[in-house]
Amino acid sequence: MPVQAKIGPSILNADLSNLAAESQKLLDNGADYLHLDVMDGTFVPNLTFGHPMVKSLRNKIKTAFFETHMMVQNPEQWIEPMADAGVNLYTFHVEPVQDVVRVSRQVQESGMKVGLAIKPGTEVQDLEKYLSIADVVLVMTVEPGFGGQSFMADMMPKVKWLRENYPNLDIEVDGGVGPKTIHCCAEAGANMIVSGTAVVGASDQSQVIKELRDVVHSYLK
Ligand SMILES: O=C(CO)[C@H](O)[C@H](O)COP(=O)(O)O
Ligand SMILES: [Fe+2]
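Residues numbered from 1 in each chain as written. Chains lettered and ligands numbered in written order. Predicted model: local features only at pLDDT ≥ 70, side-chain atom pairs only at ≥ 80, totals over all residues. Heavy atoms only, no water.

Looking at an unreviewed UniProt entry, one finds the chain named Ribulose-phosphate 3-epimerase, with Drosophila mauritiana as its source organism.

What follows is the structure, encoded as structure tokens:
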């Protein structure tokens, strides 16, 4: 099936004390899914929230598609709690994981889709042996840990390589993506777009989300 353009705002830099309202606003403004950044203070030098927060959000927002971007040292530990919290796509970094296939199977068995994420320093070819089990590949375009960083255009060859070799794969980019950098991502072949600061901070969120989607759509074959 051909891939579709999907825009998933990251709520990392939103007002987390008002998460449900901020998330609902993004969805009302056209977001296709929500990208929830989970950080453990070990895999990355920052700390956000875990499954209790995601579960509370799910109680308020019943139907939206939730992705958790697991920037954690031991993603295996949080599979069941996140499945129970109502997560749809469990995206974890392969770098700290010894047996990616086993963890991916556990994610599938718990009823979630599998996303495999790589940091800027990780070769995309390292993922090749796992791509038959992955629903989504996330190519980080900043060092994970913080929102509002500058987009790394030198990650685009990874996206291009994936799109050339896996035309039907959902390829996600995350970090510094917004109206100024979306052409680069879309041209390389990304179809799932995470955008934090550029969307959350926009005076007209719906216009920015539409612009991002239109650009991606214009490059899809
Ligand atoms: O995973 C992340 C950081 O590690 C965030 O999803 C990402 O940084 C989004 O924020 P922005 O668009 O502001 O860069
Ligand atoms: Fe993220």
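Novice: I would appreciate a short explanation of the UniProt feature "binding site: a divalent metal cation" (unreviewed entry) in the chain in the present structure.
Specialist: As recorded in UniProt, the sites labelled "binding site: a divalent metal cation" (unreviewed entry) are His35, Asp37, His69 and Asp174. These residues run over 140 residues, yet every pair of their C-alpha atoms falls within 10.6 Å of each other. Residue placement: Asp37 occurs in strand S2 (residues 34–39). With a relative accessible area of 3%, Asp37 lands in the buried category. (UniProt positions renumbered as here; feature names shortened; annotations may be inferred. Helix = DSSP H or I, 4+ residues; strand = E, 2+ residues; numbered from the N terminus. Buried < 20%, exposed > 50% of the residue type's maximum accessible area, 1.4 Å probe, protein only.)

Novice: It is not clear to me how the side chain of Arg58 should be interpreted in this structure. Could you clarify?
Specialist: Mapped onto the fold, Arg58 is located in helix H2 (residues 51–60). In this structure Arg58 is buried but unpaired, with Asp84 as the nearest side chain of opposite charge at 11 Å. Residues within four places of Arg58 in sequence aside, it is in contact with Thr63, Ala64, Phe66, Ala85, Gly86 and Asn88. (Lys, Arg positive; Asp, Glu negative; His and termini not counted. Salt bridge = Lys/Arg side-chain N within 4 Å of Asp/Glu carboxyl O. Contact = heavy atoms within 4.5 Å.)

Novice: Would you mind going over the UniProt feature "active site" (unreviewed entry) in the chain with me for this structure?
Specialist: Residues annotated by UniProt as "active site" (unreviewed entry) correspond here to Asp37 and Asp174. In terms of the greatest pairwise C-alpha distance, the residues named above, spread along 138 residues, form a tight cluster of at most 10.6 Å across. With near-sequence residues (within four places) excluded, Asp37 lies in contact with Ser10, Leu12, Thr48, Phe49, His69, Met71 and Asp174. Among the polar contacts listed, one links the side chain of Asp37 to the side chain of His35, at a separation of 2.9 Å. Examined against the element boundaries, Asp174 turns out to sit in strand S7 (residues 170–174). Classification of Asp174 as buried rests on a relative accessible area of 8%. A polar contact is formed between the side chain of Asp174 and the side chain of His69, at a distance of 3.1 Å. (Polar contact = N/O pair within 3.5 Å; in protein donor to acceptor, adjacent residues only side chain to side chain.)

Novice: What's the story with the packing of helix H1 (residues 19–28) against H2 in this structure? I'm lost.
Specialist: Two measures define how a pair of helices packs: the angle their axes make with one another and the distance between the axes. Contact geometry of H1 with H2 gives a least axis separation of 10 Å together with a crossing angle of 55°. Between H1 and H2, the angle is such that the two are oblique. You can see that H1 and H2 cross each other, and the crossing is right-handed. Across the interface between the two elements, Leu19, Ala20 and Ser23 of H1 pack against Met53, Leu57 and Lys60 of H2. Its residues placed into classes, the contact of H1 with H2 shows four nonpolar, one polar and one charged. (Axes fitted to C-alpha atoms, helices over the stretch in contact; angles between N-to-C directions. Parallel < 35°, antiparallel > 145°, perpendicular 65-115°, else oblique. Left-handed = near helix turned anticlockwise from the far one by under 90°. Nonpolar A, V, L, I, M, F, W, Y, C, P; charged D, E, K, R; others polar.)

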